[in-house]
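Read off the chains here:
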Amino acid sequence: MKPVCPLCNAVSICSMESISVERIVKMYKKILGIDVINEFGGISSIDCIRCLDCDLINFYPAVSGSELFYEKLQTFNWYYMAEKNEYVFAHNFVKTTDDILEIGCGKGAFVKHINSRSYLGLELSKQAQKLAAHDGVQVLNESIENHSINNKDKYDIIFSFQVLEHVVDARSFIESAIICLKPGGFLVFSTPSTDSFAAFSPNAILDMPPHHTTRWSDVSYNNVARLFDLDLIKLWHEPLQNIHRQFYFQTIFTRAFMNLFQQENRVWNESLIYRFSYVVSRLPSKIFSMFASKKFFLPRGISVTTVFRKRLGS
């Protein structure tokens, strides 16, 4: 079966590379101690492909993590962060008279950053729903597709933070969110950005199946506005987070060494040249992360947040 873009349904795609599932499984065990072999259902390799029409990158065949997989990730205290740059940015769009929906709300951390008339979260993880309920946050264990059936034109703003990249059917997800949004309302997405430095860091297991199924660029988000008849109001890249400073320098120094060897950027790379470049980059990256001025050194961070508006009459 020929791959089809999950955003624009185009068949004009470019295969970037094929990745061994066995290698992904081994990396998960090495880094996180999680066995993900059953998540792939016997698939031996996945292809990383780019749509030539809308610029979306996705993995084929699409593999989305099970609830058990996400329960394992939730044991790490970094998985559901209470504070995020996109929360601070996004709360500026909320008024006290707004009805808010958050898709993939996790344990409901964002609601603590806003003051609105109403708030409802949707979350597929039952464990996360329980955590939210413990804090008194109203959360339904329901998909946006099902929610859209009886909630047309209901919400002033719909937020979805770090969720879209997990979704297999991005088109259905966005269409359903738009159905729930009032004309003139805002639709806010945040995802990792392929226009950030992290795109030059290979073997990023949490940025590929079974965790992430798609990768988003500024171009692909501009195409979301075109495809769904939305106004793109804002496209905001977060500044580099302190927690990612050493990761940033490690990535750019490693990439610099790889360039010396005329090595192209790859999604997956376990070559001897890459391993050598990574090792020799450790010391300078550590030094620079400690002493680079935070006041004057403000590179782009990992995540991008986009704000769309549903046109009146839509």
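The rules behind the values
- Residues numbered from 1 in each chain as written.
- Predicted model: local features only at pLDDT ≥ 70, side-chain atom pairs only at ≥ 80, totals over all residues.
- Heavy atoms only, no water.
- Core = buried A, V, L, I, M, F, W, Y, C linked by side-chain atoms within 4.5 Å.
- Buried < 20%, exposed > 50% of the residue type's maximum accessible area, 1.4 Å probe, protein only.
- Helix = DSSP H or I, 4+ residues; strand = E, 2+ residues; numbered from the N terminus.
- Contact = heavy atoms within 4.5 Å.
- Phe/Tyr/Trp six-rings, centres within 6.5 Å; stacked < 30°, edge-to-face > 60°.
- Pairing = 2+ DSSP bridges.

### Overview of the nonpolar core
Where a protein is soluble and globular, its nonpolar side chains tend to be buried together.
In step 1: The biggest cluster of nonpolar side chains holds 34 residues, and the ones touching the most others in it are Leu7, Phe173, Ile174, Leu187, Trp216 and Val224.
In step 2: Contributions of two or more residues to this core are made by strand S4 (99-103), strand S5 (118-122), strand S7 (155-161), helix H6 (170-180), strand S8 (181-192), helix H7 (218-227) and strand S11 (300-310).
In step 3: Among the elements that line this core, the one with the most residues is H6, at six residues.
In step 4: Among all residues touching leucine 7, those that are not within four sequence positions of it are Cys54, Leu56, Arg171, Ile174, Trp216, Ser220, Val224, Leu227 and Phe228.
In step 5: With 25 residues, the next largest nonpolar core counts Ile34, Phe40, Ile57 and Met208 among its residues.

### Some remarks on unusual backbone geometry
Backbone phi values are negative for most residues with the exception of glycine, while trans is the configuration of most peptide bonds.
In step 1: In the segment running from tyrosine 60 into proline 61, the intervening peptide bond is cis, with an omega of 0°.
In step 2: Backbone torsion omega between proline 209 and proline 210 reads 5°, so that peptide bond is classified as cis.
In step 3: With respect to the helices and strands, proline 210 occurs in the loop between S8 and strand S9 (214-215).

### A word on the packing of aromatic side chains
In step 1: Counted under the stated rule, the structure contains 26 aromatic pairs.
In step 2: Relative to phenylalanine 93, the ring of phenylalanine 89 has its centre 5.5 Å away and its plane inclined at 65°; by these criteria the two rings are edge-to-face.

### Quick notes on the sheet that holds S9
In any sheet, the strands associate via hydrogen bonds between backbone groups, in a parallel or an antiparallel arrangement.
In step 1: Strand order in the open sheet formed by four strands is S1-S2-S3-S9, and the pairing between neighbours is antiparallel. Each of the sheet's edge strands pairs with one partner strand only, and the pair in question is strand S1 (13-20) and S9.
In step 2: The pairing of strand S2 (residues 45-51) with strand S3 (residues 57-60) spans four bridges and is classified as antiparallel. The residue of S3 that forms the bridge with cysteine 48 is phenylalanine 59.

Function-wise, these values are silent; they only describe arrangement.
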